[in-house]
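Structural overview
Here's the letter readout for the chains.
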Amino acid sequence: FWLKPFWLKPESLVLKHSPPRGTQRHSVGAGMAEEMVADVEMKVVETEVPAEELAEEKVEEKAEEDAVAGEPAKPKEPEKPKELEEDAVAETRAKVPAGSVEFNSADSTMNVLTSNGCQVISSLTGGGFSYLLGGARTTVGLTSGRYMFEVNILELHSRQEPQGAAGRIPMPRHIVKLGLSQGDTSLLMGDNSEGSVSIDSEGFLQHEKTRKKVAKQFRANSVVAFLVNLDAASPNANTISVFCDGVRICAPQAIPDNLLGKPLFPTVTFKAVTMQVNYGPVSMAPLPFKVNMLSDAAQADVQAGPKASEGPCEIVMPVGLPEQGYFDWVDAFLEKNPGYTELSDRKILDWAHRSGIWKAKTPGAFSTDKPDMKFGIPLMDDMSVKKLLLHIAPTVRKSFVVPELKANLTADERKAFLKNFAGPSFKKVAKVVVGEPTADYKAKVRQLMIEEKKEKTLAERKKKAAEAVRARLLEERRKKVASMKQKKEGEEEVPEEKEVAPDEIVDEDVVVELTDEEKALHYRKSAQPDILDQTLSKCFMDFSLPTTEEGFDQVTFEWASQDTAEKVVKD
C-alpha cells in the first residue's frame with residue numbers, strides 16, 4: 001500500500017488483477033520497485049455516483065475524521081417548520097372606505113406626531129420627551145379575518161446625554177413595539193397593564209407581566225410586517241406573527257384568551273424613532289403567501305374606533321378643597337370620560353413610570369398635587385416635559401382635564417393658564433367640587449375603601465404565609481443538621497414522623513366590611529396629603545371660586561350650590 005500514489009484515495013482504487021500466489025519476486029535491487037509495480041498494476045475505475053450520495057459520503061467521512069480526532073460529530077440541523085399560512089382568497093364582501101384606515105389622532109399619546117396622511121409617524125424628542133414612550137392605535141379594530149400592516153424604521157433619534165446624570169437612563173434608547181390592544185386600555189404596550197399583547201424590536205413578546213423571547217431582532221431600514229390571524233378556519237387561528245423583509249422571524253404566537261371576544265386595535269408603541277407605516281393595499285415586502293392588508297379589510301371584520309371631536313374641544317378645570325375628595329373625583333371623571341387627557345404633574349410621573357424610567361425615593365415632603373419629580377436625569381428634572389406639553393396641548397384636537405389643586409383655587413393662576421387656550425377651539429369649563437358630595441360619589445368612595453381594606457388584608461395573609469414557609473424551611477434545615485450530626489457521632493438515629501407541609505396557597509377570596517365610622521365618611525383618607533401644610537398656610541387666604549369673568553365659558557357646581565360652596569370656602 002505504500003507504493004500507492006498519494007493523490008489516489010482508497011475508495012477510488014479497484015484492483016484490476018492480482019498476481020498468482022508465488023509469482024511475486026523477492027529480489028532486492030534497483031529494479032525491484034519497477035517489477036513489483038508491474039505485477040500489482042492498478043487501474044482507477046471511474047464510476048458515476050449521484051451527487052446526493054457523494055454529499056452524504058463526505059458528511060460521513062467528515063464525521064469519522066472528527067471522531068478520530070476526538071471531536072464529536074455535529075448533529076444535523078432540524079428541518080424548518082412548514083409554513084401553515086395559506087393564500088388569502090379573493091374578498092367579495094364590502095370593504096372599508098378608502099383612506100379610512102390610519103393611526104387615530106384622538107387615540108394617541110401627546111408626543112405622537114404624524115405627517116403625509118399618517119403614513120409617517122414620529123415622537124417628540126425635546127427635553128425629557130426623548131425618554132418617554134409614545135403610542136397610537138389605528139382607527140379600526142379587528143374582530144375576525146387575517147390582515148397585516150407594515151412599518152419601516154426610517155430614523156433613530158440620538159442625543160448626547162448631559163453631564164451629571166445620577167439616575168438610570170432607560171434602555172434601550174430606541175424601541176418599537178407592534179401589537180394589539182383593546183380600545184379602552186393603555187396605549188403604552190408592555191407597561192404591565194391589562195388589555196394588550198405586543199412583540200418589540202428586541203424580539204420579546206409581552207402580555208401583562210409575562211415577557212419572553214420569541215423572535216429575532218429587527219432594526220432600521222427593514223420592512224417589518226405584523227400579521228394578525230383571527231380567521232377561525234385557519235391552522236394559525238388567533239395568533240400574531242412578525243416578518244422582516246418578507247421572511248418570518250417568529251413562530252405564530254397565540255393571542256391571550258382574555259383579549260379575544262373584543263375588537264383588537266393594531267397598535268404601535270415606540271420611542272425616539274421615525275417610522276413609515278403602510279396600511280396597504282400594496283405590500284412593500286410581500287410575504288411567502290398572499291394576505292390582505294389592513295386597508296383592504298372587509299367591513300364585517302372590523303369595528304371603528306373613537307373619532308376626534310368635530311366641534312370645540314373642552315378644557316375642564318376642577319376646583320376643590322384639599323383633603324375633601326378632590327383627586328378621587330378627578331379619577332371618577334376620567335373613568336366616565338375616557339376621551340379626556342389629564343394634564344398634571346402626577347400624570348407625567350405615571351407616564352415616566354410606564355416608560356420604564358426608574359426613580360429612587362427622594363428625601364423630603366411631597367403631596368399628591370406636587371409629587372416628587374426628581375429622577376436623577378437632568379432632562380427630566382428640569383420639568384421640560386411639562387413646559388412642552390403646555391405648548392403642545394392647544395394645538396391638539398383633544399379635550400383635557402387639568403387637576404392642579406392649589407393653582408385652580410387661586411384666580412391669578414387660573415387666568416394665566418386659560419391664556420394658553422385662548423380662541424374658539426376650546427370650550428373652557430370650571431367644575432366646582434365643594435360641599436357635600438353626591439350619592440354616586442359617596443358610593444364610589446365606599447367601594448374604594450372596601451378595595452383598600454381587601455388589599456391590606458390580602459397583603460397581611462401573604463406576609464403570614466411567607467413567614468410560615470420560612471419557619472418551616474428553617475425547622476427542616478435544623479432537623480437535617482441534627483440528623484447528620486447523630487450519624488457522624490455514631491448514635492442511633494431516632495426516626496421522626498414526617499409532617500405534612502401546610503398549604504402555601506393564599507386564599508385571595510377576602511370579605512371585608514366597613515365600620516359605622518367609615519361608612520359615615522364622605523371623603524377617603526390617603527397616606528399622602530393633597531397639599532403640604534406649609535404650602536396651604538401660605539396661600540389659603542387667596543383661595544376663591546371661579547367665575548365667567550376670568551375667561552370661563554361655563555362654571556358648574558357639581559356638589560353643593562354656589563352659595564353653599566362659597567360659604568364653605570370662606571369658612
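Refer to the preceding data block for the structure.
Residues numbered from 1 in each chain as written. Predicted model: local features only at pLDDT ≥ 70, side-chain atom pairs only at ≥ 80, totals over all residues. Heavy atoms only, no water.

1. Here we look at the overall build of the chain
- Broken down by element type, the chain carries twelve helices and 25 strands.
- In the chain, buried positions account for 40% of the 571 residues.
- In the chain, once contacts between residues fewer than 6 apart in sequence are set aside, the share between residues at least 24 apart is 76%.
- Surface accessibility of the chain: about 34300 Å² in total, with carbon and sulfur atoms responsible for 53%. (Helix = DSSP H or I, 4+ residues; strand = E, 2+ residues; numbered from the N terminus. Buried < 20%, exposed > 50% of the residue type's maximum accessible area, 1.4 Å probe, protein only. Contact = heavy atoms within 4.5 Å. Areas by Shrake-Rupley, 256 points an atom, 1.4 Å probe, with all protein chains shown as cover.)

2. Regarding the sheet that holds strand β22 (residues 340-342)
- Taken in spatial order, the five strands of this open sheet run β22-β23-β21-β24-β25, and their pairing is parallel. Edge positions in the sheet fall to β22 and β25 (554-557), since each has one partner strand and no second. Each strand axis lies, on average, 25° off the axis of its neighbour in the sheet, ignoring direction.
- Sheet topology places β22 next to strand β23 (residues 399-401); three bridges connect them, and they run parallel. (Pairing = 2+ DSSP bridges. Axes fitted to C-alpha atoms, helices over the stretch in contact; angles between N-to-C directions.)

3. Thoughts on the nonpolar core
- Residues Leu 178, Phe 218 and Met 275 are the most contacted members of the largest nonpolar core, which totals 44 residues.
- At the level of elements, β7 (140-142), β8 (145-156), β9 (175-181), β10 (196-200), β13 (223-230), β14 (239-244), β17 (265-271) and β18 (273-278) are the ones that each hand at least two residues to this core.
- Leave out the neighbours within four places in its chain, and Phe 218 touches Ile 153, Val 176, Leu 178, Asp 200, Ser 201, Val 224, Val 242, Cys 244 and Ile 249. (Core = buried A, V, L, I, M, F, W, Y, C linked by side-chain atoms within 4.5 Å.)

4. Topic: the packing of aromatic side chains
- Across all of its chains, the model carries 13 aromatic pairs by this definition.
- Note on Phe 129 and Trp 351: the rings are 5.8 Å apart at their centroids and 75° apart in plane angle, and the pair reads as edge-to-face. Of this pair, Phe 129 sits in the loop between β5 (120-123) and β6 (134-138) while Trp 351 sits in helix α4 (residues 345-354), placing them 222 residues apart in sequence. Here Phe 129 matches Trp 351 in class, with each residue buried.
- Cluster of aromatic residues (ring-pair linked, three or more members): Phe 400, Phe 417, Phe 421 and Phe 426.
- Above the ring of Trp 358, the side-chain terminus of Arg 168 is found at 4.2 Å from the ring centroid.
- For Arg 211, the ring lying beneath its charged end belongs to Phe 204, and the centroid distance is 3.8 Å. (Phe/Tyr/Trp six-rings, centres within 6.5 Å; stacked < 30°, edge-to-face > 60°. Lys NZ or Arg CZ within 6 Å of the ring centre and 35° of its normal.)

5. Quick look at the sheet that holds strand β11 (residues 204-207)
- One open sheet holds the seven strands; their spatial order is β3-β6-β17-β9-β10-β11-β12, and the pairing between them is antiparallel. The sheet is open, and its two edges are formed by β3 (103-108) and β12 (210-213), each paired on a single side. This sheet shows a mean twist of 25° between the axes of neighbouring strands, independent of strand direction.
- Judged from the five bridges that link them, β9 and β10 form a sheet pairing that is antiparallel. Looking across to β10, one finds that Leu 180 is bridged to Val 197.

6. A word on the pattern of salt bridges
- Counted by the stated rule, this structure contains 28 salt bridges.
- A salt bridge links Asp 331 to Arg 346; the nearest nitrogen and oxygen atoms lie 2.8 Å apart. One end of the pair, Asp 331, is in helix α3 (residues 326-336); the other, Arg 346, is in helix α4, with 15 residues separating them in the sequence.
- Arg 346 sits in the partly exposed class, given a relative accessible area of 21%.
- Between Glu 342 and Arg 346 there is a salt bridge; the shortest N-O distance is 2.7 Å.
- A single network of salt bridges, built from pairs that share partners, joins Asp 345, Lys 370, Lys 386 and Glu 404. (Salt bridge = Lys/Arg side-chain N within 4 Å of Asp/Glu carboxyl O.)

7. A closer look at the pairing of β18
- Among the six residues that make up β18, five are buried, leaving the element largely enclosed by the rest of the structure.
- Examined bridge by bridge, β5 and β18 share three bridges and lie antiparallel to one another. The residue bridging Val 120 from the neighbouring strand is Gln 276, located in β18.

8. Examining unusual backbone geometry
- Here the amide bond leading from Met 171 into Pro 172 is cis, since omega sits at -5°, within 30 degrees of zero.
- Cis geometry is adopted by the peptide bond preceding Pro 281, which originates at Gly 280 and carries an omega value of 10°.
- Its location among the elements puts Pro 281 in the loop between β18 and β19 (292-293).
- Here Ala 272, not a glycine, exhibits a phi torsion of approximately 55°, which is positive.
- Its place among the elements puts Ala 272 in the loop between β17 and β18.
- Residue classification places Ala 272 among the buried positions, given a relative accessible area of 5%.

9. Some thoughts on the side chain of Ser 186
- Residue position: Ser 186 is located in the loop between β9 and β10.
- For Ser 186, a relative accessible area of 18% gives the class buried.
- Polar contacts involving the side chain of Ser 186 include one to the main-chain amide nitrogen of Leu 188, which spans 3.1 Å.
- Within the structure, Ser 186 has its side chain in polar contact with the side chain of Asp 191 (distance 2.8 Å).
- When sequence neighbours within four positions are dropped, the list of residues in contact with Ser 186 reads Arg 137, Asp 191, Ser 193 and Arg 354. (Polar contact = N/O pair within 3.5 Å; in protein donor to acceptor, adjacent residues only side chain to side chain.)

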